Amino acid sequence: MGQLQRCLARGEYGQLQECPLFESNFLQVTKSGDVASRVTLGIAATSPRLELPDLLLLARPILAPMGGPCCCRCAQRLPPPEEELELFGLLPLRFVRFSIHDELRHRLKVRLASGRTFYLQLLAPPAQLERVFGQWVRLLYRLRYQRPGTWDR
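Reading the values: rules and limits
- Residues numbered from 1 in each chain as written.
- Predicted model: local features only at pLDDT ≥ 70, side-chain atom pairs only at ≥ 80, totals over all residues.
- Heavy atoms only, no water.
- Phe/Tyr/Trp six-rings, centres within 6.5 Å; stacked < 30°, edge-to-face > 60°.
- Helix = DSSP H or I, 4+ residues; strand = E, 2+ residues; numbered from the N terminus.
- Buried < 20%, exposed > 50% of the residue type's maximum accessible area, 1.4 Å probe, protein only.
- Pairing = 2+ DSSP bridges.
- pLDDT = per-residue confidence, 0-100.
- Contact = heavy atoms within 4.5 Å.

What follows concerns the packing of aromatic side chains. A ring pair, where both rings are aromatic, is described by two values, the distance of the centres and the angle of the planes. In total, this model carries three aromatic pairs according to the counting rule given. Centre to centre, the rings of Phe26 and Trp136 are 5.4 Å apart; their planes meet at 75°, and the pair counts as edge-to-face. Here Trp136 lies in helix α2 (residues 129–145) and Phe26 lies in strand β1 (residues 21–29), a separation of 110 residues in the sequence. The pair formed by Phe26 and Trp136 is uniform in burial state, with each residue classed as buried. Between Tyr141 and Tyr145, the ring centres sit 5.0 Å apart and the planes meet at 45°, which makes this aromatic pair tilted.

In structure tokens:
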């Protein structure tokens, strides 16, 4: 069970506790690549009858008290497995458009229907980075080209 799934299980997110969820940790970066924050991104199907996911979940680490241990592991900035998250965003996927911003640096571009854009760089162990990014690319392709009724393709 991933960190976001654990966050949903312990919170008041009744209907989301059992939904299929694909999640990964990312660094939110500026367009030029400066690190802004860490975020966990999840794509979920709110019903088992859905052919494709329909919900974007965004979570961030709950900040450790001042003087506490660093919230990242080494230069990879991987979160500790026991770190707790707080959910700060639930968006229907029909209002979100994903694209690959920089394949070599494993970065996605996320654009909301409101016009807000942010960039996310995948955060995964080096041995898993290519595989996990490939899974995101395949999922985003399906969401973009196999979902009817999305805005501004």
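Of all nine residues in β1, seven are buried, a share of seventy percent or more. Bridge count for β1 against strand β2 (residues 35–44) is nine bridges, and the pairing is antiparallel. Its bridge partner lying in β2, Val29 is registered against Val35. Between the antiparallel neighbours β1 and β2 lie five residues, among them Gly33 with a positive phi of about 110°. The pairing of β1 with strand β7 (residues 117–123) spans five bridges and is antiparallel. Opposite Leu27, over in β7, you have Gln121 as the bridge partner.

Turning our eyes to something else, we now look at the confidence of the model for the chain. Per-chain confidence: the chain averages 85 in pLDDT, with 83% of residues scoring 70 or above. Counting interchain partners and residues more than four positions distant, the pLDDT-below-50 stretch residues 66–74 has 12 contacts.

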